[in-house]
Structure formats: structure tokens, C-alpha cells
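Residue-level structure breakdown
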Amino acid sequence: MLSVLVFLPLLVCAALALLPRGLGDRACAWIWISTAALELALVVVLWSGFDAGGGMQYEQRARWIPSAGVGYHVGVDGLSLPLVALTCLLFLAVAVYSLREYRRVRSYVCLFLFLQTVSTGLFVALDLILFFVFFDLSIVGMFFVIAGWGHGERARAAALQFFLYTFVGSLALLLGFIGLYLAAEPHTFDIADLARADPLAGSGPYAGLVLLAIGVGLAIKTPTVPFHTWLPPAHTDAPAAGSAILAGILLKMGAYGFVRIAMPLLPGSWREYALVIVVVGVVSVVYGALVALAQTDFKRMIAYTSVTHMGYVILAVGAAGTLAGTDLQARSLAVTGAVTQMVSHGLITGALFLLSGVLYDRGHTYAMDAYSGLAAHTPRFAAVTAVAAFAGLGLPGFSGFIAEFQIFTGSLASRTTATAIALTGIVITAALFLTALRRMFLGAPRLPGALASGGVADLRRHEALPTVALLALALVIGVLPRWLLDVIEPAGRALARLVAR
Amino acid sequence: MNGLVWLLVALPLGGGSVLVLTGRRCPRAVPALGVAVAVVTLGVAVAAAVARPAAGAPLFTGARAGLAVDGLSAVMAVTVAAVTTAVLLSALGEGAPAGNRGRFFGLMLVFAGAMLVAVTATTLPLLLMGWEVMGATSWALIGHQWQDPARTRAAGVAFLTTRTADLGLYLAAGAALAGQAGSLDLAALPLTGSPWLHAVTAGVIAAALGKSAQLPFSFWLSGAMRGPSAVSALLHSATMVAAGAYLLLRLHPLLAATGWAGPLVAWTGAVTALVLGVVAVAQTDLKQLLAASTSAQIGFMVLAAGSGGTAAGTAQLVAHAATKSGLFLAAGAWLTALGTKRLSALRGAARSYPLVGAAFTVGALTLAGLPPLSLWAAKDEVLAAARAEGTGPYAVGLAAAAVAAAYSVKAVHYVTRPLPEEAESGYDTERRGTRRICAATPPPLLALTLAAAVLGVLALPGPASWWERLTGDQGAVSPQPWEYGLSAGVAVGAAALAWWGASRPGLAPRAAVGWAHGWLHLERAAHFLVVRPVLGLARALAHIDDRVVAGAVRAAGRGGLTASRFARRLDDRGADRAVRQTARGTTAAARLARRVEDDGVDSAVRAIASGARNLGRWARRPQTGLLHQYYAQAAVGFVVLVLIILLVR
């Protein structure tokens, strides 16, 4: 079942590549949409059959490279199932949004189908090498998306920087994985076996070095300060659909790595270096928010808010590794908040990046100064963006609040100062989103000079549908979060226990 | 029965959202639908006040979402629903502000729903949810006419100021969990262990003072007056700004649990009542005067909360809600009719429109604290509670009562003057006036004014004890007869003095007037002390991020490129040449050998030579000079190395 979910898009991708040339662009797009919809349906079936208290489920194992301790092992639990579902939803949203794509549609569709396989595969992988392979392939896929469909010559440079930077990160990650492999007796790359064995317990600096390698690798992908500089150019020059996937799914791979690999496999060093992790998280929150506040480019601003929102995740997982002054309830609240934040950020930032794509489509620039009073020309676009902005600033009623409230309340006991500093992030985020709304959408109507005076078109159906759907789900989670938290909480509690052992 | 409380909050939230979403399609039906939802909500609120439902649902690990209507929240729920109904009624017809009606009516209802969540919440997360949604709707409603940059800027200031204060509630939630208060129930907060108890208390106080526009946060309320008058009547006088006082009244046990919180809150309230009262006296704009007086009057509620006078503070809250929303509706009616809210231009406005004028006068005299109107009685209850705690806040509160009489009478003085000859020239400073009062305005205005006048009965012995039971404030201190007399004397005396002084400007020193007129320049202070440093820091960090952090990465990339070029050169000159020369040398040797040796050896040597040449060609091949190809080679090499290590071990 799980393998079907993972490899179905790849199969369709292969079939598309083999089909005769005469296939039209629309047909390709519709094949993509149907595949993505089928994937979403599959995930709904998986979710309905999922037993929240049952740990790892839908597991599948196959021999792959037994001599090197590498196996094909997949499964989902409460940490990964929400992210798998997010992946399928976001890819469907992007597929619908890309309905009007006209440049090399077949390769575009193939690339995104490939990326969907890679992303789903990463979230269900229970073997380090399998995880690594998907981790690396996601970089390759995104490189081609940015370089091939981004904004001009600069996009190729940004894509190359993105590729090299995150590839260096993945090499560090591999080094850490090998460190884990060598420490385990018998040697294995299997995540479940490694978590059970806790091979590096009490091995001092060696375990610290392994955590450093894995931590740096994941931190580059997440990204956290100071490894975040590939993110703004990659986002600014990527196509909207690519940005939505990059921010919504690919960034989660780093954060997910922390909860799936770094925390359960290296609990001792995680606790030992929790302070470092918390500091990195808080710096990411405040620094990201402040730098975002100073941006004049709408998409770049959203890119930096991703650093802030991922910083909350890092703060929470760091706090979950701090045992002093706290209890299991607070720590599992923090972990649950972190996973909820990943889902929430995927929904909201995905919508925001798609909306920024609409902005670029209409005005051919992301510069906020170029626009004013857009609400007069495009009331629906303004309304949807305003809702997305308020969701992004963590307004209660949207998923961001559910996530951030849990992170703050769960982290404050153990990391009081750090959490108090991180709290300022929500005011700065509010300030920057309100300023952006005011500059671009409110006030006297003014459009970029190059545009004809005929005005601009409002949100079209294929643009409205995915963004509104993503925000509606964020709203549902914000008002009725239990169906999601019921799945995450048992896994969060189990993880908090694993870290504390 | 317990479903009633869900219905109470879901009705305005759901109805409002539907209106916001569909208002554009059927703008004609919107006002009637909005009023209908408000009326039904009022009915549900009254039913809930009688039935006292309570309900809950799981929310987070160990923290539930709880809603309940007890005595105090019954009072609040009915007040909120009633004022919402009155204000929406007055916005029928021409009363609504220009712009999208669906958005206006819908957001007013969403606000009412959020406020009902906040006042009926029994747990901290749910309180915070209602609390912040109130702030967001306030933003949208202040900036309702979004084409005007001044309004949207004021909306931003209001939202950001209150959200900064709201951080206190996030802090309080975390501290309550850390202090083992357990479930985040509001009732359990006083049980938090020290030192977390102090953090919880401080957080709650900060959030409450921010929302209630108490010092030092008062300035946002001044800007909020740029919003439509109906919004000022509902959010920025009667309900939302009073939410902070409500929270402090509800959490009085928490304030009592620490030694310092009660006096701090009481003093803040008393000082705000006095100082913002002085600010109100100095205003030249009717809405600004009313806004400053709102801060000042809420100061009395905060004073009551700090002194433990829950019944007194709640009475003040309800009486003030009726009084002030009526006054704002009157100010709004004049703004629509005459196009101005300047006091100097409103001379004689009460004579031009006698019905509105009469309502305004009664409301303003209530605000002045003149006997036997409601705020006189409520204020005396508050002052009695304050006197039980200490003489200091009581004395400041009494002085604030005198100032309240002064600013109210100042407003009455202006609008009841004889109509000047050239009145028309002062009109239409804000917009083009209609020169008539919209038919929908008077009924709700008169109802609110009537309530304002007669709510003083709550101070009579019989109703007073019922009220104390209702608000859970058994054993409240009742004012002595001489206190009633003293405050009545102070109010009447101050009112007379103000009437006399109103026609004689220039009595006060100019600098002090300017300072008070500019709301103590608090907004400028906040701008200089907080906003500018933060923006400066943000710009500096963005610069550093571009130049230093990203620059270092670029430099590392360039360094790698340079190193690879160097390696290539080294390779070309050194290794490559060596290979080539070896090949050449071998060839030469072979030639030599051919000359020397016979043919059998010759062919073998030739083979070696060509082999060496091929090797040289192969060695040259990966040296493309392209960085990413070098990189890929390094990666492949790395993987091979790793595999070798793995297999050898």
C-alpha cells in the first residue's frame, strides 16, 4: 500500500516519458492532476485505517543491499503520516495551480511527479540510506525545476547555489549516517533497529561528532541560521509552484529528519547539546523575522518568514531534549507543536508562495513598492492574501496558532529565556505581514509603471482553488484540531520518551 | 442545555463569516441579515444567562477548551450581545460606513463572536483565541475604508500594540504549565507554584492593560478613532477595550495570590483614570475626547479589579458600555449629518438635531458622574472598594471623578451653544455631510441612553445584593452615605467649574495643554523607543545577511573555484606535462631502442608508448575546469571510498 503510494507518481512519470510526442500539454496537466488526486485519495484511505495509538504501521520490508546493512523499509507513524498527507495535498494544489503552465509542460509534469515520489518516499523511509537517497534526489529534482522554469538567467545561478549548498549538507548527513552504522552492532542502517539499540549511548565525543554531522546536514536543508542563505535566492527565482513545494515539502525534510533520526537515534547527545539547538532555533526565529521585516521584495520576505517558522520547530525539538524543570507533558506538547508547525507551515506558506506567483504573473515584479491599493483591482486576490497573511502571523483560528501555542507552552518551562525571546517573533511577523498588506493592497490604487492602464485580472479559478483549499484546511485545523492532534500526540509522546531514556 | 453556549459563540462567528464571504453578491440583504443574527444572538445570550450552560472539549494534551456562562460572564455576554444589536441597528440604511457592507456587518458579528468566546472561556487557550481574533477584527474594522492610508496605518498601530501586550497571555500559558497549574483552567491559575505564579500574573496584567488602553498603552485608542463611528461605538468603547478590565475582574483571585499585583493594578487604573481624563479635557475633537474618556473610565474598572471590587467594576463596565456606545452613536450621527467631529464646528449641533442632542446630553451628564445617573452610583461603588484597600488610589480616583465631570461638561457645553451664524463653514471637514439624521439611528440611541441613565438602580440596596451575588462578589464594600454625597458634590462642583471655564480658554499652561492634547506623546515615544530601533536593527541585519552571511558562502564558493583553477594549472603544468613527457620520453627511448635493438623488442616498446600516451589523454579528461563536474567527481570518489571502507571492515 505504502509502496504504491510512493512509486505511483514515478510510474506515471515513466509512462509519460514513454508516450508518443503527440500528447498535448493539457492532457499532460490533467494526467498529473488525476495522479495527484489519486494519491490524495490513497492517503485518505491510509489515514482512515490508521490506528493512532498503534505506533509504526503499514510497514513493508524488502532486501536491497543486505551486505551493507541496507534494506528497503517503509512505514508511517503519527510523525510521518501528517507530512505524507501534506505532501499529497500540496502536490495536488500545485498541479491544479500549474494548469496554465505552457513551457515544456511534459518535462515539467514529469519532474513534479518525480519530486512527489521522492518526497513521499522520504517521509515513509525507515532506512537511513533510503532516506538519504530520497533526500539527495529531492535536491536534484528541485535543481531542474528552478533552473528550467525559474525567472531567467539568475535562476540558473540560484539553482546551482541551491544544489551545491544543500548537496554539501547531504554529504555531511551521509557521514553522520555512516557513523551511526559503524557504531551499531550488528551494522545496520535500519532506523527502527538503531532506535531500539541506541548504539551511541555513552560514547562521548564520537556521538557528538555524529550529531554534528547529521545536525549540520539537516540544518542546511531546514534551513536554520546561519545556513539559510541559499533559501532567499532559490525562492525568489524559482517558479511559484517550485517555491510552494520547496517551502512546503522540501524544508520539512530537514525538520522531519530531526524528529525521525537525530532525536530518537542520538538521544544522549541530543540532550547534551539541547542548549545549542535551542539557541540556533531562537536565533533563527528572531533573526529571520527581523531580516524579513527589512525586505522590499514580497517573495523574499515570505522566504525569510520560513526561516522564522522553522526556527520555532527547532526551538521546540531542542526544548524537548531538555529534561530539567519540565515533565513529559510539556515535552510531548513541544514535539506535537513542532510536527503541527511543519504541517501548518506547509499549508500556509504553500498558499502564500502560490499567491506571490499570481502577483508576479500580473505585475512581473515582486517589489512591494511597485504596487499600491491592489484591493481595488483584485478584491478576491487581496482577500485571499489577507487571510493567508493573518494565518501566517499565527492568528488563532488558523493552524499556525495551534502549532505555536503548543510550542511556546511546551518550551517555556525548560527554556524560559529562549522561549521568551522567541515570543517576540510573533509580533515582528505580525508587523511585517501587516506592512506588506498595507503597502501592496491598501491605500490609493497604483500599478507597476510598465502595465497597461487596463488594470489586472483578479484571481482565476485555477489559482483560487488551490490557495483557498490550503487556507481552508489551515482554518479547519485551527478551529477543530483534534483529528490531527489525535494522530500526532501519541507519536510525540513516544518520541519525548525516547529522547528522555 | 449545554449546547447553548456553543450556539452562543457559533451563531455570530458563523453568521458573520457567511456575511463576509457572500456580502458582495447580495449587498441589499446584508444589513437585515446582520441585525437578525445579532438579535438571535441576544436572545441566546439571555437564555444562556438564565440557564448557565457549561461545555468543554479536548484541545491540547492536558488542556481543554472550556466555555461556561457564570454570573459574571452572563452579564458580559448580555452586554456584548445587546450593544452589538443596538450598534448594528443604527447602521441600517445610511448609518453603515461606505464600502463593502457584507464585510462590515460580517466582521462586526465575527468580533461579537470572538468577544463572546473570550468572556465565556474557562481555559486560557480559548480565552487567548477569542482575545486575538478580537484584535484582528479590530484591525479590519478600523481600516474598513482601506483607501485611506491614515486609517490603515492606525489599524496597524492598534493591532501591533495590543498584540505586543498579548504576548503576556502566551507567557502566562507557558508559565502556568511550568508551574504545574495543570489544565490551564482560569480558575486554577492562582494555584500555580512560585516563581511561575508571578510570571502568570505579570503576563495577564500586561495583556489586560494593553487591550484596555491603560497606561502606557493608551495611544492606540487615539488612532483607532479613525475607524467608522459604529466601530468605535462597539469595539473601542463598550466591549473590546473593556475586555482587559473584565479579565482582571475575573482573575481577581490570581491578583490576590501575589502581594504586588493588586496594588499595581489599582494604581495603574487610578492613574490612567486621572491622566487620560486630563487628556480628554484637552481634546478638540469629539471622538478623541470620547476615546480618552474611555481609557479613563476603564481606569475605574481596573481600579476596582485591583481593589477586589468585582461587583463594583462590573457595574461600572455595564453602565459605561451603555453610556459610551450611545455617545459614539450620537457623535457618528453628527459626523454623517454635518461631516465633522471637531468640537468647535459642532457648536449648536444639539439644537439642530434635538433628539440626538438630548440623548447626547443625557449620556454626557451620565459620563460626568452627576447624580442620580448610573455612572455616579457605579463610580462610588468602585471608590468604596478602593478606599477599603488604601487611601492613595481612592484620592486619585476621586480627583479623576472630578476630571470626568470636566471633560463631559466641556462636550455638552460645545454642542448646546446657540448655533453660530457661520456654522456651515465649519462643516464637512471629514466628508460631505447629509444634513439629516438617518432614521435608523434614534431608536437604538435612545435605548442605550435610557439604559445609561437608569442602570444606577444597581446601587440601590435590594438590586445591589442581587448584583453582588450575580458577580460572585459576596461581602463587597458598600459606599457610606457621605461618600455618595462627597462624590456628588465633587462632580457637581467640577461640572460647574468646567462650564464656567469652557468659555474662557487659555487658563492652563500651553505646554501642558499640548502634551495632553497629543495623548502624552506616548505614540511618539513608542515610535522612538521601540519601532525605530527595531526597524534599524532589521535593516542592519538584512544588510549583514546579504553581505556577510551570504557573502561568506559566496566567498567559499569562489575560493573553491580558485583552488580548482589552481589545481588545474598545477595539473596541466605538472602532472599532465609529466605524463606527456613520460610518453614522449618513452617514445624517444623506443626510437632509440629501435635503432639499437632488433624488431621484436620494437613492437613491445611501441605498445607501451601508445599505452602511456593513452593514459595521459585519460588523465587530462576530467580536468574540465567546470566546478560542478569536479564536485560530482569528488562525490563519486567519496562514495567509492566509503564503500571500500565498508567492504574492507
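Residues numbered from 1 in each chain as written. Chains lettered and ligands numbered in written order. Predicted model: local features only at pLDDT ≥ 70, side-chain atom pairs only at ≥ 80, totals over all residues.

Describing the overall build of chain A
Each helix and strand in chain A was counted, giving 20 helices and two strands. Rg of the C-alpha trace for chain A: 22 Å, near the compact-globule value of 23 Å for 501 residues, within the 12% margin. Across its three principal axes, chain A shows a C-alpha extent of roughly 70 × 60 × 40 Å. Put simply, 82% of the contacts in chain A that link residues at least 6 apart link residues at least 24 apart. (Helix = DSSP H or I, 4+ residues; strand = E, 2+ residues; numbered from the N terminus. Rg over C-alpha atoms; globule rule 2.2 N^0.38 Å. Contact = placed C-beta atoms within 7 Å.)

What about the overall build of chain B?
Counting its regular elements, chain B contains 25 helices and two strands. Here chain B has a C-alpha radius of gyration of 37 Å; the compact-globule value for 649 residues is 26 Å, and the former is much larger. Taking the principal axes of the C-alpha coordinates as reference, chain B spans close to 140 × 60 × 55 Å. Taken over 649 residues, chain B has a buried fraction of 54%. (Buried ≥ 20, exposed ≤ 12 C-beta atoms within 10 Å, placed from the backbone.)

Some thoughts on the nonpolar core
For soluble globular proteins, the rule of thumb is that nonpolar side chains tend to be buried together. In terms of nonpolar packing, the biggest core is built from 437 residues, with Leu 315, Ala 316 and Val 317 of chain A together with Ala 77, Met 115 and Ala 405 of chain B touching the most fellow members. The contact partners of Leu 315 of chain A, leaving out residues within four places of it in the chain, are Val 278, Gly 281, Val 282, Val 285, Ile 407, Ser 411, Ala 418, Thr 419 and Ala 422 of chain A. (Core = buried A, V, L, I, M, F, W, Y, C linked by C-beta atoms within 7 Å.)

A word on the confidence of the model for chain A
Mean pLDDT over chain A stands at 93; residues scoring 70 or higher make up 99%. Element-level pLDDT for chain A is lowest in helix α15 (residues 374-377) of chain A, with a mean of 90, against a maximum mean of 97 in helix α3 (residues 81-97) of chain A. (pLDDT = per-residue confidence, 0-100.)

Regarding the domain arrangement of chain B
When its domains are assigned, chain B resolves into domain 1 (123-461 + 473-517) and domain 2 (527-621). Between the C-alpha centres of domain 1 of chain B and domain 2 of chain B there is a distance of 76 Å. (Domains from an automatic or database assignment.)

A few points about the interface of chain B and chain A
It is common to report an interface's size as the accessible area lost on association of the parts. Tallying the contact residues gives 43 residues for chain B and 45 residues for chain A. Those elements giving two or more residues to the side of chain B that touches chain A turn out to be β1 (54-60), α5 (124-142), α6 (149-178), α23 (522-596) and α25 (627-648) of chain B. It is α6 of chain B that contributes the most residues to the side of chain B that touches chain A, 15 residues altogether. The residue makeup of the side of chain B that touches chain A, split by class, is 30 nonpolar, nine polar and four charged. (Nonpolar A, V, L, I, M, F, W, Y, C, P; charged D, E, K, R; others polar.)

A short note on the environment of Val 43 of chain A
Residues and elements named next belong to chain A. As for its position among the elements, Val 43 is in helix α2 (residues 25-48). A tally of 21 C-beta atoms within 10 Å means that Val 43 is categorised as buried. Distance in space between the C-alpha atoms of Val 43 and Asp 190 is 24 Å, their sequence separation being 147 residues. For Val 43, the residues in contact, after removing those within four places along its chain, are Leu 5, Val 84, Ala 85 and Cys 88.

Focus on the environment of Asp 285 of chain B
Residue and element names in this part refer to chain B. Note on placement: Asp 285 falls in the loop between α12 (261-282) and α13 (286-307). Of the residues examined, Asp 285 has 21 C-beta atoms within 10 Å and is grouped as buried. Considering only alpha carbons, one finds Asp 285 and Ser 344, 59 residues apart in sequence, at a separation of 8.2 Å. The contact partners of Asp 285, leaving out residues within four places of it in the chain, are Lys 341, Arg 342 and Leu 343.

A word on the pairing of strand β1 (residues 57-65) of chain A
Pairing of β1 of chain A with strand β2 (residues 70-76) of chain A involves six bridges; the strand directions are antiparallel. Residue pairing for β2 of chain A: Gln 57 of chain A is matched across the bridge by Val 76 of chain A. (Pairing = 2+ DSSP bridges.)

Points about the packing of helix α12 (residues 274-293) of chain A against helix α18 (residues 416-441) of chain A
What describes two packed helices is the angle between their axes and the distance between those same axes. All names here are of chain A. The geometry of α12 relative to α18 is characterised by a closest axis approach of 9 Å and an angle of 20° between their N-to-C directions. Overall, the two elements α12 and α18 adopt an arrangement that is roughly parallel. Crossing geometry of α12 relative to α18 is assigned as left-handed. Counted together, Val 278, Val 279, Val 282, Val 285, Val 286, Ala 289, Leu 290, Ala 292 and Leu 293 of α12 and Ala 418, Ile 421, Ala 422, Thr 424, Gly 425, Ile 428, Thr 429, Ala 431 and Leu 432 of α18 form the full contact between these two elements. Of the residues that constitute the contact of α12 with α18, the class distribution is 15 nonpolar, three polar and no charged. (Axes fitted to C-alpha atoms, helices over the stretch in contact; angles between N-to-C directions. Parallel < 35°, antiparallel > 145°, perpendicular 65-115°, else oblique. Left-handed = near helix turned anticlockwise from the far one by under 90°.)

Details of unusual backbone geometry
Trans peptide bonds make up most of the peptide bonds, and negative phi angles are found at most residues other than glycine. Here the residue pair Glu 185 of chain A and Pro 186 of chain A is connected by a cis peptide bond, since its omega of 0° sits within 30 degrees of zero. Even without being glycine, Asp 428 of chain B reaches a positive phi, approximately 60°. Within the secondary structure, Asp 428 of chain B is located in the loop between α18 (391-416) and α19 (442-454). Residue class for Asp 428 of chain B comes out partly exposed when judged on the 14 C-beta atoms lying within 10 Å of it. Despite not being glycine, His 521 of chain B shows a phi value in the positive range, around 55°. Its location among the elements puts His 521 of chain B in the loop between α22 (510-517) and α23. Taking the C-beta count within 10 Å as the criterion, His 521 of chain B has 15 such neighbours and is therefore assigned partly exposed.

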